[in-house]
Amino acid sequence: MPEHKALFIPEKQAPFVVRSVPTPKPGPGQLLIKVESAGLAPADWAIQAIGILVPKYPIIIGMDVAGTVEEVGESVTKFKKGDRVVKECSIGDDPFLSDSSSSALPNDHNSRGAGFQQYSLASEDTTAKIPDNITFDQAATIPLALATSAVALYHDGNGALGGTCGLTPPWEAGGRGKYKGQPTVVLGGASSVGQITIQLLKLSGFGPIITTASLRNAEFLKSIGATHVLDRNLSPDALHAEVRKITADPFTTIYDAAGSSETQNIGYDLLAPGGTMASVQDDLVAPEKKVPEKKTFFMYGDVNIPPNRKLGVSLYSKLTELLEEGALKPVPVEVAPGGLEGIPLALERVHKGLSCLKLVVHPQETA
Ligand SMILES: NC(=O)c1ccc[n+]([C@@H]2O[C@H](COP(=O)([O-])OP(=O)(O)OC[C@H]3O[C@@H](n4cnc5c(N)ncnc54)[C@H](OP(=O)(O)O)[C@@H]3O)[C@@H](O)[C@H]2O)c1
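As the structure is a prediction and not an experimental result, all values here were calculated from the model.

Rules behind the numbers
- Residues numbered from 1 in each chain as written.
- Predicted model: local features only at pLDDT ≥ 70, side-chain atom pairs only at ≥ 80, totals over all residues.
- Heavy atoms only, no water.
- Near = heavy atom within 4 Å.
- Polar contact = N/O pair within 3.5 Å; in protein donor to acceptor, adjacent residues only side chain to side chain.
- Areas by Shrake-Rupley, 256 points an atom, 1.4 Å probe, with all protein chains shown as cover.
- Helix = DSSP H or I, 4+ residues; strand = E, 2+ residues; numbered from the N terminus.
- Domains from an automatic or database assignment.
- Axes fitted to C-alpha atoms, helices over the stretch in contact; angles between N-to-C directions.
- Parallel < 35°, antiparallel > 145°, perpendicular 65-115°, else oblique.
- Left-handed = near helix turned anticlockwise from the far one by under 90°.
- Contact = heavy atoms within 4.5 Å.
- Nonpolar A, V, L, I, M, F, W, Y, C, P; charged D, E, K, R; others polar.
- 1 Å grid on protein atoms, 1.4 Å probe; cavity = no way out; pocket = protein on both sides within 12 Å on 5 of 7 lines; lining within 4 Å.
- Points joined across faces, edges and corners; volume = space filled by probe spheres on them.
- Core = buried A, V, L, I, M, F, W, Y, C linked by side-chain atoms within 4.5 Å.
- Buried < 20%, exposed > 50% of the residue type's maximum accessible area, 1.4 Å probe, protein only.
- Pairing = 2+ DSSP bridges.
- Phe/Tyr/Trp six-rings, centres within 6.5 Å; stacked < 30°, edge-to-face > 60°.
- Lys, Arg positive; Asp, Glu negative; His and termini not counted.
- Salt bridge = Lys/Arg side-chain N within 4 Å of Asp/Glu carboxyl O.

(A) Fine view of the site of the ligand. In the vicinity of the ligand there are 26 residues, among which Ser 192, Ser 214, Arg 232, Gly 301 and Ser 355 approach most closely. The backbone of Cys 356 places a nitrogen or oxygen atom 3.0 Å from an oxygen atom of the ligand. Summarising the interface, the protein chains cover 84% of the accessible area of the ligand, which totals 930 Å² for the free molecule. At the level of elements, helix H3 (143-154), helix H4 (192-203) and strand S10 (209-213) are the ones that each hand at least two residues to the shell around the ligand. Taken domain by domain, the shell around the ligand gets at least three of its residues from each of domain 1 (3-142 + 330-365) and domain 2 (146-298).

(B) Representation of the packing of helix H1 (residues 42-49) against helix H9 (residues 343-352). Here H1 crosses H9 at 110 degrees, and the two axes come no closer than 8 Å. With respect to each other, H1 and H9 are oriented roughly perpendicular. Once H1 is placed against H9, the crossing between them reads as left-handed. Side by side, H1 and H9 meet where Pro 42, Asp 44 and Trp 45 of the first sit next to Leu 347, Glu 348, Val 350 and His 351 of the second. Its residues assigned to classes, the contact of H1 with H9 shows four nonpolar, one polar and two charged.

(C) Geometry of the layout of surface pockets. What the second largest pocket holds in volume is close to 210 Å³. When residues in the lining of the second largest pocket are grouped by element, the largest group, three residues, is from helix H8 (residues 309-324). Class assignment of the residues belonging to the lining of the second largest pocket gives a composition of five nonpolar, five polar and three charged.

(D) Looking closely at the nonpolar core. Counting 53 residues, the largest nonpolar core has Leu 200 and Tyr 255 as its most contacted members. Mapped onto this core, the elements with two or more residues apiece are H3, H4, S10, helix H5 (218-223) and H8. Considering every element that reaches this core, the biggest residue donor is H3, with eight residues. Counting the residues that make up this core, at least three belong to each of domain 1 (3-142 + 330-365) and domain 2 (146-298). In this view, Leu 200 contacts Leu 146, Ser 149, Ala 150, Leu 153, Tyr 154, Pro 170, Trp 171 and Leu 328; residues no more than four positions away in its chain are not counted. Core analysis: the second largest hydrophobic core is formed by 39 residues, Ala 46, Val 69, Ala 122 and Ile 343 among them.

(E) How the structure looks around the sheet that holds strand S1 (residues 3-9). Taken in spatial order, the three strands make up an open sheet running S2-S1-S4, and their pairing is antiparallel. Across the chains shown, the open sheet's two edge strands, defined by having one partner strand only, are strand S2 (17-22) and strand S4 (59-60). Strand direction decides the pairing type here: S1 and S2, joined by six bridges, are antiparallel. Paired with Glu 3 across the strands is Pro 22, a residue of S2.

(F) Region of interest: the packing of aromatic side chains. Taken as a whole and assessed by the stated rule, the structure comprises two aromatic pairs. On the numbers, 5.3 Å between centres and 80 degrees between planes, the contact of Tyr 154 with Trp 171 is edge-to-face. Of the two residues, Tyr 154 sits in helix H3 while Trp 171 sits in the loop between H3 and strand S9 (184-187), which places them 17 residues apart along the sequence. Each member of the pair, Tyr 154 as well as Trp 171, carries the same accessibility label: buried. Judged by centre distance (5.4 Å) and plane angle (20 degrees), the ring pair of Tyr 179 and Phe 206 falls under stacked. With a gap of 27 residues between them, Tyr 179 in the loop between H3 and S9 and Phe 206 in the loop between H4 and S10 connect regions that are remote in the sequence.

(G) Main features of helix H7 (residues 261-270). The buried fraction of H7 is high, at seven of 10 residues. Contact partners of the buried residues in H7: S9, helix H6 (236-246), strand S12 (251-256), strand S13 (271-279) and strand S14 (295-298).

(H) Broad picture of the environment of Val 21. Mapping Val 21 onto the fold places it in strand S2. According to the relative accessible area criterion, Val 21 is buried, its value standing at 0%. Taking the C-alpha atoms as reference points, Val 21 and Met 1, 20 residues apart in sequence, are found 9.9 Å from one another.

(I) Fine view of the side chain of Asp 302. Relative to the elements of secondary structure, Asp 302 occurs in the loop between S14 and H8. The buried charged residue Asp 302 lacks any salt bridge partner; its closest oppositely charged side chain belongs to Arg 309, at an N-O distance of 6.8 Å. A polar atom in the side chain of Asp 302 sits 2.7 Å from the backbone nitrogen of Asn 304. Every residue in contact with Asp 302, bar those within four places of it in the chain, is listed here: Glu 88, Ser 90, Ile 91, Ala 147 and Asn 308.

Pasting the structure below:
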């Protein structure tokens, strides 16, 4: 039975450890991906250090994967061995991978589709080919941030976890440019999620697109679609005043990609009655501000889970084109050294705070 190396969390809050694990065979509709680049996210640090989100241990985590197709399962038509692909990984059991033909393996872990390992299972319909203009490392910056943004903005509402802004996706008929002339605010534009959100809102036609960031990131954020970049260090009152100098029009769609109490409260104050604010973190808006006419919600940025699956399939069917035409650009990326063993140190960097940067590792560097 072939094996590969994987980075486990053996039990809640235990240190990461590299172990060998049986390499699964892809079942019907599945692909086995040789992971060339795996993205690191703030949640990966929190999962290990705090013990959030994990259904059962031991577990392999890691949500962003880019690599080559090693093997395709029965009935797979869109991919062949050697294709360069990108996909998002779920935390823990992905229900769409549970009928893998590898189920005969001792089920000592529930993470056959996770990213921090050398081979990862994927579903055909939520995987996309990487076009030639995008490297593996660039591709690995995209899946989690894209899901977090797209689920919140474009879920059709049917079974949506938390909520949705309910917009028509720009990759579907009638969606591109549909919201022309409507102003929007993205708090935390330099985060990975913020960068993807700015780009999607641009595709949707929104404008002006006002974002907050450290001003060293202003030119870059303008290059991907922000029309105005305001200093994230301004006081809430000063920020509000600056936003109102840009437009007096109502904001009905606001995205908080930073997730702090401060950014949520700034966003809520700017939101018009009848409007919706998505936030990457649980609700931290001051209770005394709350009015029924303003909706806020927290999304679960996973395209694989049943409530988000329809959106995910639609998105991944168009992702290659979006990347190829440059409508969606990856996040600036740096490769952290050390393969799987380098992940704990790299996650410390993520936790301390990156600026306009995504870290990735190369799991194949692990011997
Ligand atoms: N709900 C979900 O499913 C989900 C999924 C993914 C991520 N998240 C959460 O979303 C957040 C962003 O994740 P990420 O991976 O995109 O993080 P990231 O790229 O590591 O975010 C770092 C960036 O955040 C910006 N930032 C931090 N605090 C800010 C503030 N108060 N105002 C404006 N900008 C601020 C910084 O901007 P400057 O460099 O310009 O200062 C920095 O560039 C995290 O809290 C993460 O846990 C949630």
